[in-house]
2 protein chains.
Amino acid sequence: MNRRWTPEGEQRLALGQPFVLESGEALPGLEIAYRTWGKLSPQADNAIIVCHALTADADAARWWAPLFGPGCALDPADSFIVCSNALGSCYGTTGPTSLAPDGKHWGARFPRVTIRDQVRAQIALADALGIRSIRFVIGGSMGGLQALEWALLDPLRTQAVISVAGAASHSPWALVWNEAQRLALRADPLFRGGFYPPEKPPEAGLAAARAIAMVSYRSPQSLEARFGRERGADIFGPRAHSPDEFAARGWLRHHAKNLTERFDANSYVSLLDALDSHDLARARGSLEAALGKIHQPTLIGSIASDALYLPAEQHELARLIPNARLLEIDSAHGHDGFLIDAARFEPGVRRFASEQRSTGATPADTGAFPLRQKSLRYA
Amino acid sequence: MNRRWTPEGEQRLALGQPFVLESGEALPGLEIAYRTWGKLSPQADNAIIVCHALTADADAARWWAPLFGPGCALDPADSFIVCSNALGSCYGTTGPTSLAPDGKHWGARFPRVTIRDQVRAQIALADALGIRSIRFVIGGSMGGLQALEWALLDPLRTQAVISVAGAASHSPWALVWNEAQRLALRADPLFRGGFYPPEKPPEAGLAAARAIAMVSYRSPQSLEARFGRERGADIFGPRAHSPDEFAARGWLRHHAKNLTERFDANSYVSLLDALDSHDLARARGSLEAALGKIHQPTLIGSIASDALYLPAEQHELARLIPNARLLEIDSAHGHDGFLIDAARFEPGVRRFASEQRSTGATPADTGAFPLRQKSLRYA
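Residues numbered from 1 in each chain as written. Chains lettered and ligands numbered in written order. Predicted model: local features only at pLDDT ≥ 70, side-chain atom pairs only at ≥ 80, totals over all residues. Heavy atoms only, no water.

Looking now at the overall build of chain A. A count of helical and extended segments in chain A gives 14 helices and 11 strands. Here chain A, with 379 residues, has 63% of them falling under the buried criterion. Residue pairs in contact within chain A that sit at least 24 positions apart in sequence constitute 73% of those at least 6 positions apart. For chain A, the exposed area adds up to about 13600 Å²; of that, 54% sits on carbon and sulfur atoms. (Helix = DSSP H or I, 4+ residues; strand = E, 2+ residues; numbered from the N terminus. Buried < 20%, exposed > 50% of the residue type's maximum accessible area, 1.4 Å probe, protein only. Contact = heavy atoms within 4.5 Å. Areas by Shrake-Rupley, 256 points an atom, 1.4 Å probe, with all protein chains shown as cover.)

All right, on to the side chain of B:Gln181 then. In this fold, B:Gln181 is placed in helix H4 (residues 172–186). Apart from residues no more than four positions distant in its own chain, B:Gln181 is found in contact with B:Ala209, B:Ile212, B:Ala213, B:Tyr268 and B:Leu272.

On to the interface of chain B and chain A, then. Facing 58 residues of chain B, the contacting portion of chain A comprises 58 residues. A salt bridge links B:Arg249 to A:Glu179; the nearest nitrogen and oxygen atoms lie 3.5 Å apart. Summed over the shared surface of chain B and chain A, the result is six residue pairs in polar contact (both at pLDDT 80 or more). Counting only elements with at least two residues in the side of chain B that touches chain A, the list comes to H4, helix H5 (203–217), helix H6 (220–227), helix H7 (247–260) and helix H8 (265–277) of chain B. If you tally residues by element for the side of chain B that touches chain A, the top one is H4(B), at 10 residues. Grouping the constituent residues of the side of chain B that touches chain A by class yields 28 nonpolar, 13 polar and 17 charged. (Salt bridge = Lys/Arg side-chain N within 4 Å of Asp/Glu carboxyl O. Polar contact = N/O pair within 3.5 Å; in protein donor to acceptor, adjacent residues only side chain to side chain. Nonpolar A, V, L, I, M, F, W, Y, C, P; charged D, E, K, R; others polar.)

Further remarks concern helix H10 (residues 311–320) of chain B. Those residues of H10(B) that sit buried are B:Pro311, B:Glu313, B:Gln314, B:Glu316, B:Leu317 and B:Ala318. Buried positions along H10(B) lie against helix H3 (142–153), helix H9 (287–292), strand E10 (298–303) and strand E11 (324–329) of chain B.

Each copy of the sequence occupies a distinct position, and chain B is placed on chain A by a rotation of 180° and an axial shift of 0.0 Å, giving an RMSD of 0.0 Å. Classification of the inter-copy transformation places it as that of a two-fold axis. (Least-squares fit on C-alpha atoms with pLDDT ≥ 70 in both.)

Residues and elements named next belong to chain A. Summed over all chains, the structure comprises 21 aromatic pairs over all chains. Among the aromatic side chains, those forming a connected cluster through ring pairs are Trp 63, Trp 64, Phe 338 and Phe 345. Note that Arg 120 overlies the ring of Phe 19, its terminal NZ or CZ placed 4.8 Å from the centroid. (Phe/Tyr/Trp six-rings, centres within 6.5 Å; stacked < 30°, edge-to-face > 60°. Lys NZ or Arg CZ within 6 Å of the ring centre and 35° of its normal.)

Taken as a whole, this structure holds 49 salt bridges over all chains when the rule is applied. Across the pair B:Arg253 and A:Glu179 runs a salt bridge, and its minimum N-O distance is 2.4 Å. One end of the pair, B:Arg253, is in helix H7; the other, A:Glu179, is in helix H4 (residues 172–186), on a second chain. Given a relative accessible area of 1%, A:Glu179 falls into the buried group. Across the pair B:Arg12 and B:Glu10 runs a salt bridge whose closest N-O atoms are separated by 3.4 Å. The pair formed by B:Arg12 and B:Glu10 is uniform in burial state, with each residue classed as buried. Overlapping salt bridges bring together A:Glu179, A:Arg182, A:Asp273, A:Asp276, B:Arg249 and B:Arg253 as one network.

Peptide bonds are trans in most cases, and residues, glycine excluded, mostly fall at negative phi. All names here are of chain A. Phi at Arg 192 is positive, roughly 50°, even though this residue is not glycine. With respect to the secondary-structure elements, Arg 192 resides in the loop between H4 and helix H5 (203–217). On the basis of relative accessibility, which here comes to 54%, the residue Arg 192 falls in the exposed class.

All names here are of chain A. Running from amino to carboxyl end, H4 crosses H5 at an angle of 160°, the nearest separation of the two axes being 7 Å. One finds that H4 runs roughly antiparallel with respect to H5. Note on packing geometry: the crossing formed by H4 with H5 is right-handed. For the pair H4 and H5, the contacting residues are Trp 177, Ala 180, Gln 181, Ala 184 and Leu 185 in the first and Gly 205, Leu 206, Ala 208, Ala 209, Ile 212, Ala 213, Val 215 and Ser 216 in the second. (Axes fitted to C-alpha atoms, helices over the stretch in contact; angles between N-to-C directions. Parallel < 35°, antiparallel > 145°, perpendicular 65-115°, else oblique. Left-handed = near helix turned anticlockwise from the far one by under 90°.)

Attention shifts here to H4(B). Given 3.6 residues per helical turn, the α-helix brings residues three or four places apart onto the same face. For H4(B), spanning 15 residues, the distance from its first C-alpha to its last is 21 Å, which sits close to the expected 21 Å at 1.5 Å a residue. Extensive coverage of H4(B) is indicated by the burial of 14 of its 15 residues. (Expected span 1.5 Å × (residues − 1).)

The next subject is the packing of H5(B) against H7(B). Residue and element names in this part refer to chain B. Between H5 and H7, whose axes approach to 8 Å, the crossing angle comes to 125°. When the axes of H5 and H7 are compared, the pair comes out oblique. When the axes of H5 and H7 are compared, the crossing they make is right-handed. Together, Glu 203, Leu 206, Ala 207, Arg 210, Ala 211, Met 214 and Val 215 of H5 and Trp 251, Leu 252, His 255, Ala 256, Lys 257, Leu 259 and Thr 260 of H7 make up the contact between the two elements. Partitioning the contact of H5 with H7 into residue classes produces nine nonpolar, two polar and three charged.

This part takes up the confidence of the model for chain A. Residues and elements named next belong to chain A. For chain A, per-residue confidence averages 90 on the pLDDT scale, and 88% of positions sit at 70 or higher. Confidence drops under pLDDT 50 across residues 1–5; counting only partners more than four residues distant or on other chains, this segment forms 17 contacts. Low pLDDT (under 50) marks residues 362–379, which in the prediction has 34 contacts with non-local residues, meaning those over four places away or in another chain. (pLDDT = per-residue confidence, 0-100.)

All names here are of chain B. Topologically, Tyr 34 is positioned in strand E5 (residues 30–37). Assessed through its relative accessible area of 0%, Tyr 34 is described here as buried. The spatial distance from the C-alpha of Tyr 34 to the C-alpha of Arg 12 is 6.2 Å, given a sequence separation of 22 residues.

What follows is the structure in structure tokens.
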């Protein structure tokens, strides 16, 4: 194991041993890019794990700033907060942009990873950091899927779970959104089935994929609020035939292009595949049985206007997880409300977290995971 | 004017004179592919105009079969039913696949057309067919936009309007759906900005665009009903890594590819542009003022699960059109409910249509458009 610091305050954990994936394939090693805020208590029992969404990175204090700060749900003054880049992503953790054993980039050859693999990598990091007990695992969107997996993959350390705008599995609806993105990416021949040279990435295809995703992340209401009744009234006026004729279209193109400057196409596909493959019930019996096994106090955040992971899915989670509570977030921003309206649900998250601490079990009570056993589980 | 028959029962109308578009540009001539069912009455007052959706054609009896037949809303026994292919499309009416004056295909050079241009072409056909009065104009989706324009562009002949799953204009939400499709199409370099040779069309890009559209046409509920809880349970089983691993994804790819075998990419963009530019209020004052001018009895069909043209938009239409009634269609199929669940709203359409006939105005009452004036309006 080798931990090194990067200039930006990001840290790296390198696990030298093979990391066996859910598929049975093994990565020869695993590197995890992560950030921490606050200090681990002497009892190593004040950790909070933050799980990020599709194209985000380990810098949770930036993309989830409203949750961070003194007295907030994520308060580095009394908690040791950890966020790591997801397996398969391109922000420092092992993924398609990493080097394969042959010294070349994995690229399209990168093995297929699952949401469980991503959580198992996060668990390996928690082990390496010496964490004995986790106050709660919190995540939104893809991170919300991961948070629920934490409850089952590390039941002893995980004291509570907060899953925002998540789901138990990818619905057919979510599947087709992602498949449309793959088709858009593949329409760009520069993608070359993933075998593109790093200096010649499939920018147009990735931009189109991101554009599709952006639609799924928002809502009719949020776009209407932002762009108002700006319709076709002007099309034969001074702005006719201008690319900025409709601000909503320009907004979409901006976000589409933006991702191409910061994300790798194979990593994007790796994460889409992880999402599509996700099923909390896999190898755990029925969905009811799987969710019934989540014994932790669980807060399920649901955004009323979410058009991707529908409120009905979170309602089902809240109904089937024995000790769950639903936090309905009245945001017009659709799925992205988990980011855009984070300030509005922070109080609910904070209240839930503090309730767990005042009434909740301590690691000793629940037989939280003793450090010495970790090698039995995660070696 | 030259009308000729095609083997499939489709007819063609060729207007030799220039057709001036809303933009001010003129097409040197106009050809309209259309079909009719039933016979025009001696008084020429039993017409029904059917307007089709984005990628459909003039064969309304095929794609809207549940509305057609004895005793149905569209009954050729007592009505003269007309449906024409839309301007800008590729099923026989002038569009990007037509020949320009230079003898080459218009392709990307085809002038920009609007929903109003499309309706004005349909009006020219009604003139040519000698129609004096139209019982009602009916359309779904793009056709629903057109039906409302009929009410204002041909107010004397149009006795009633039925607009299903339509809108007064393209909302920012609808705009970004279409823009994502353009980005997907442009990601395919074979598109070449529209300057592709007919024998080498941008199939991958068009397929990706269609995939996006298909998502917008359906709903989470419809896909769930069709594909059930088929999730990621099997991904490491016998079907692992198979392209058919998830039926929902295969379904999407099927529909995506299917369109490439029957539609032209430039025509597709021409229609997307027409949709995006649409604003019933353009040059008619406020939306309230424009809708207030629709004096005809109007039936607004709204699909509860429509994720593209939201029910709120149809509710607004029904509220602001003075003589409108709302027909809410309880379909889980989303926007495509206007096709898939046509049988479920046919009775409501039939009732509305028969009410108009029993209590409604006759052409004489309303001063319906006399034939001799047509050249003043449409020359």
